[in-house]
Amino acid sequence: MSAVAGSLTSRRTFLPTRALWARLVRLRELQLLLAMAVVVAVSAVLHPDFVSSSNVSFMLADSSVTATLAIGQTLVILGKGIDLSVAPILGIAAIVVGFPAQNHGLPLAVALVIVMGVGIVLGVGNGILVSWARIPPIITTLATLSVYGGLQFIIANGQEVVNIPNFYDTFGNSDLVPGVPWALLAAVGLALVVWLFLRQTNLGRSIYAVGNDADAAHRSGIPVQRIIFLTYVLCGFLAGIAGLIYLCHTGSADSTTGTDSNVELTSIAATLIGGTTLTGGRGGVIGSVLGAIFLSIALTAMVFARIPPIWEPAGVGGLILLAMVTDRHSGNLGSGGPRRVGRRH
Amino acid sequence: MSPDRLGAAAQTRGLGHGVPVGRARARRVRSPGGTEERVELAELGERVPGEAGTGRVPSAPGGTGQGGRPEAGSPAVSGWGAPARYEARSVTKSFNGAIVLDDVSVTLEPHEVHTLVGENGAGKSTLFKILSGLYTPDSGRLELGGETLGDLTPRSALGLGIYLVPQEPKLMAHLSAAENLYVGILPRRRVRLLVNWRQVHREAATYFERVGLQIDPATPAREMSIAQQQLLECARALVHRCRVILFDEPTSPLTTHETEILFGLMRQLRDAGLAIGFISHRLDEVLEVSDRVEVLRDGRLVASLRRGEATRDGLVSAMIGREIGVRTRVRRTSDVTERREVLRVESLTSEPIFRDVSFALESHEVVGVAGLVGSGRTEIAEAIFGLRAADSGRVAIDGRVLERRSPRACIEAGLVYLPEDRARHGIFSEVEITRNVTAGTIPRLPRRWGLIRQREEQELAAASAARTSVRMQSLEVAIATLSGGNQQRAMFSRWLLAEPRVAILDEPTRGVDIGAKDDIYDIISDLAASGLACLIISSELEELCLTCDRVLVVYEGAIVGELRGEEITAARLGELVVGGSSS
Ligand SMILES: Nc1ncnc2c1ncn2[C@@H]1O[C@H](COP(=O)(O)OP(=O)(O)OP(=O)(O)O)[C@@H](O)[C@H]1O
Ligand SMILES: [Mg+2]
């Protein structure tokens, strides 16, 4: 050991393990929980109704659609891509099962299989264009946003789903225990599976590797294009499931479901607020789910504070900016300059 | 010193820090917990049936990214495939019509270190990239163990046990060192799917030790210096069960110490039956480690020499076509009276990397900084230039203290910095050479009506690039298409154009061939004679001896000694950089 010790060691080349609390404070998940606690506490003091179980349940159920979309969006963004087409994928999934459910009482399990299939097929479309035809993700999905949106229009054929069977509604709007809706549990369950996948499997880690540096990943023997393809398929798959949750929660679907409320942008917002960077390779899915919940809570709080709904988009924008600023200040930002270390002189 | 004696020395050193030497073979060991298996290198002895010797069927790993290699799930250390000869037959490659490799055949034999030398742009890296599947040759074929390989990709090459340690290390910045080591083949638990992170970190540490890399496996790659990244790339070759390892200038950012550790490892791998490919511009190194040396010149093989046949002068004249004598130190006799202090650094500290660094630089002076990888030499330069936060300390240029240091403020004050890691901090890889060369001078470019005059910009760039004789097809191609050494020359041209009064040059000649190196030394020397104050950070002690009036020695983040004039010898510096006393 001695020869090396003499030459290279330098205990100093080991970065000191940062103090535990310092690392925790930088954790985006904790920052979000803290922010949520503050928003909830303030709103609860001003409007005790804010923490009624029905309102909590509503906020959380509402966020589960965004959360499910954000899980898929996170996978794509981690691989340095982006998926703008999740809105029509959600919409198509919702109407494709919505009509048979309304007219023939399609069982929920069958509906689930169908939306997964729809999501996968549409995701494969994106995947092929990005990884095989090598069209930049933002262009590809901007195009498929329109194409899939048109498809949704054709499938809906001018009709609307207005009346869904009870068991759909039960899944979409009832609680396991008061304040904890089933829909959210579904989203959290998916998030945990994806979290494990991202953290504990070679395939999941490969997504991070590709997002960090596709060339380096290629050189390390990672099948880069296949990994990218996979992220779009998974994203489509999850958007399909989100479509079913949406259908159950709102009880309606039509030719512009999803696109009319810009869910693709909300899902990206939740992902960014959750700490995943647009430059790829950093972040995670738990943050995105918390980001979605936070968005829902914050927007509801705005309603309670009697801020007119036209301010809602501005609220989302403000939260994204806030998240980015926090990122920079916790030395987290991926796109910063070389070896930027903490504060600068 | 005979190569054999050097070899013996390196092996002894290898033993000293627990690196097994001699004929290594793989042995499967059950760890005390019984939950994991580990394969260790064992010394001597006959083959374990079914292990190392059986080798791996040369087939590309198929399927998904999940554990490309058959053994990937099992925690992996080296169990190399059967030794095999690796041949390139009549390989030809051209880029945009320019022939880079012309009918080149090389054979990498198992049990040999096979070295390529040649000028910058001769085609060495291109050949290695073809051998490792990064480039496809226009014609010719590759044969491993007598079997012709089809279309090779980096992935299938790794499956066959062929790995390239590239000239510019490229890691995944936000992943830990340990994960970078295992990327794609992270060892998994018994429950086959899940990664065993504890094992990843523990075993990464042992690999790092074998290549002489001292770093916490949890460090993110973005915080690693270029030498550390390079060593990590070397360690990665051990993780994949390789039988052919190609090292493209692995030693260019390393000092003698790290180099010796790496050579110990290369010899050990060679003795275990691997075929080792090696590229370097440091000829004494080449003579020390190679069993066979081949010289590439303008894309053709012009000489092939065995150990013992090769001499420095022989190699130089084969490479360049002319003789270059061993350079000796030129003593400048500048007029001492006109000297004045231009750069003063006072108690600069950035814990935990360096502390209390103070020195001054006068005009007409070339000062060197010597220190090991990880000693903090680069970080000090970065802190002076405002790239890295400092806890305390002051920097003054021309007696004026720079309050808020930033690269821009430094450049405006007349200080330039040539970074060591050109790939990450130097070049704009997809931008044309012209704009790369003028990038440090944008505010001063000739303009008309506020717009930069392209023609004159190009003329300036051309003149500056000519001073370092950058070899290129045209100025208007992306700098990424230049060979490594030529990119370095272009970086040097950039700051030449900036006409600084103080220059901090971090590894100014990294990857530059020996002819051009002398040119660069001449330029530095001329500029110093006309007043430039220059700080040179270098891993090559020889370089410091040739160019410097004074050398500061950095050890573990502090300046521990200073040598002047005739005191500066490689031997003296060698002692000081490892913490020897400066008496
Ligand atoms: N991707 C590319 N596109 C165009 N030209 C290239 C490309 N890669 C290499 N070249 C050209 O091929 C020639 C050989 O380059 P190569 O990198 O093999 O040189 P080298 O021998 O490794 O030199 P060095 O010692 O500087 O590393 C150079 O002239 C270079 O400009
Ligand atoms: Mg090269």
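What comes next is a walk through the structure. (Residues numbered from 1 in each chain as written. Chains lettered and ligands numbered in written order. Predicted model: local features only at pLDDT ≥ 70, side-chain atom pairs only at ≥ 80, totals over all residues. Heavy atoms only, no water.)

A word on the coordination of the magnesium ion (ligand 2). All names here are of chain B. On the protein side, the magnesium ion (ligand 2) has Ser125 (OG) and Gln167 (OE1) as donor atoms, found 1.9 to 2.2 Å from it. Pair noted here: Ser125 is in helix H2 (residues 124-131) and Gln167 is in the loop between strand E8 (162-165) and helix H4 (177-182), with a separation of 42 residues, a long-range link. Taken as a pair, Ser125 and Gln167 share a single burial class, namely buried. (Donors = N, O, S within 2.8 Å, 3.2 Å for Na, K, Ca; no water. Helix = DSSP H or I, 4+ residues; strand = E, 2+ residues; numbered from the N terminus. Buried < 20%, exposed > 50% of the residue type's maximum accessible area, 1.4 Å probe, protein only.)

Before going further, it helps to examine the side chain of Asn486 of chain B. Residue and element names in this part refer to chain B. Within the secondary structure, Asn486 is located in helix H15 (residues 484-498). Asn486 gets classed as buried once you look at its relative accessible area, which sits at 1%. When near neighbours in sequence (up to four residues on either side) are disregarded, Asn486 contacts Asn120, Gly121, Ser469, Val470 and Arg471. (Contact = heavy atoms within 4.5 Å.)

What follows deals with the sheet that holds strand E10 (residues 275-279) of chain B. All names here are of chain B. With mixed pairing, six strands are arranged side by side in an open sheet as E8-E9-E10-E5-E11-E12. Looking along the sheet, the strands with just one partner apiece sit at the ends: E8 and strand E12 (300-306). On average, each strand axis in the sheet is inclined to that of its neighbour by 15°, with strand direction left out of account. Looking at chain direction, strand E5 (residues 112-118) and strand E11 (residues 292-297) are connected through five bridges and run parallel. (Pairing = 2+ DSSP bridges. Axes fitted to C-alpha atoms, helices over the stretch in contact; angles between N-to-C directions.)

Residue and element names in this part refer to chain B. Omega for the bond connecting Glu351 with Pro352 falls within 30 degrees of zero, at 0°, which places this linkage in the cis form. Residue placement: Pro352 occurs in the loop between strand E13 (341-350) and strand E14 (354-362). One non-glycine residue, Asp398, lies in the positive phi region at around 55°. Turning to its location among the elements, Asp398 is positioned in the loop between strand E16 (392-397) and strand E17 (400-401). Not every positive phi belongs to a glycine, and Glu507 is a case in point at roughly 50°. Mapping Glu507 onto the fold places it in the loop between strand E21 (502-506) and helix H16 (514-529). Judged by its relative accessible area of 3%, Glu507 falls in the buried class.

Further remarks concern helix H5 (residues 86-104) of chain A. All names here are of chain A. Helix length check: H5 (19 residues) gives 27 Å between terminal C-alpha atoms against 27 Å at 1.5 Å per residue, within 8%. Within H5, the axis deviates most sharply at Gly98, by approximately 25°, and proline Pro100 lies no more than four positions further along. Of all the 19 residues making up H5, 14 are buried; the element is thus mostly covered by neighbouring parts of the structure. (Expected span 1.5 Å × (residues − 1). Bend = angle between axes of the 7 residues up to and from the residue.)

A few words now on the environment of Lys124 of chain B. All names here are of chain B. Among the secondary structure elements, Lys124 is positioned in helix H2. Residues Lys124 and Ser483 lie 359 residues apart in sequence; the distance between their C-alpha atoms is 9.1 Å. If sequence neighbours within four positions are ignored, Lys124 has contacts with Leu116, Val117, Gly118, Glu119, Ile279, His281 and Leu296.

A separate point is the sheet that holds E14 of chain B. Residue and element names in this part refer to chain B. Here four strands make up an open sheet; going across it, the order is E14-E13-E16-E17 and the pairing antiparallel. Edge positions in the sheet fall to E14 and E17, since each has one partner strand and no second. Note that E13 and E16 share five bridges and pair antiparallel. Bridge pairing in E16 links Glu346 to Arg394. The strands that helix H10 (residues 377-384) touches are E13, E14 and E16; relative to E14, the one it contacts most, it runs at about 70°.

Residue and element names in this part refer to chain B. Of all residues adjacent to ligand 1, which total 20 residues, the nearest are Lys124, Ser125, Thr126, Ser483 and Gly485. Between Gly121 and ligand 1, the recorded distance is 2.8 Å, taken from a backbone N or O atom to an oxygen atom. When isolated, ligand 1 has an accessible area of 630 Å², and the protein chains bury 86% of it. Elements that contribute at least two residues to the shell around ligand 1 include exactly H2 and H15. Here the residues of the shell around ligand 1 sort into five nonpolar, 12 polar and three charged. Shared between two domains, the shell around ligand 1 holds at least three residues of each, these being domain 2 (86-171 + 224-320) and domain 4 (423-498). (Near = heavy atom within 4 Å. Polar contact = N/O pair within 3.5 Å; in protein donor to acceptor, adjacent residues only side chain to side chain. Areas by Shrake-Rupley, 256 points an atom, 1.4 Å probe, with all protein chains shown as cover. Nonpolar A, V, L, I, M, F, W, Y, C, P; charged D, E, K, R; others polar. Domains from an automatic or database assignment.)

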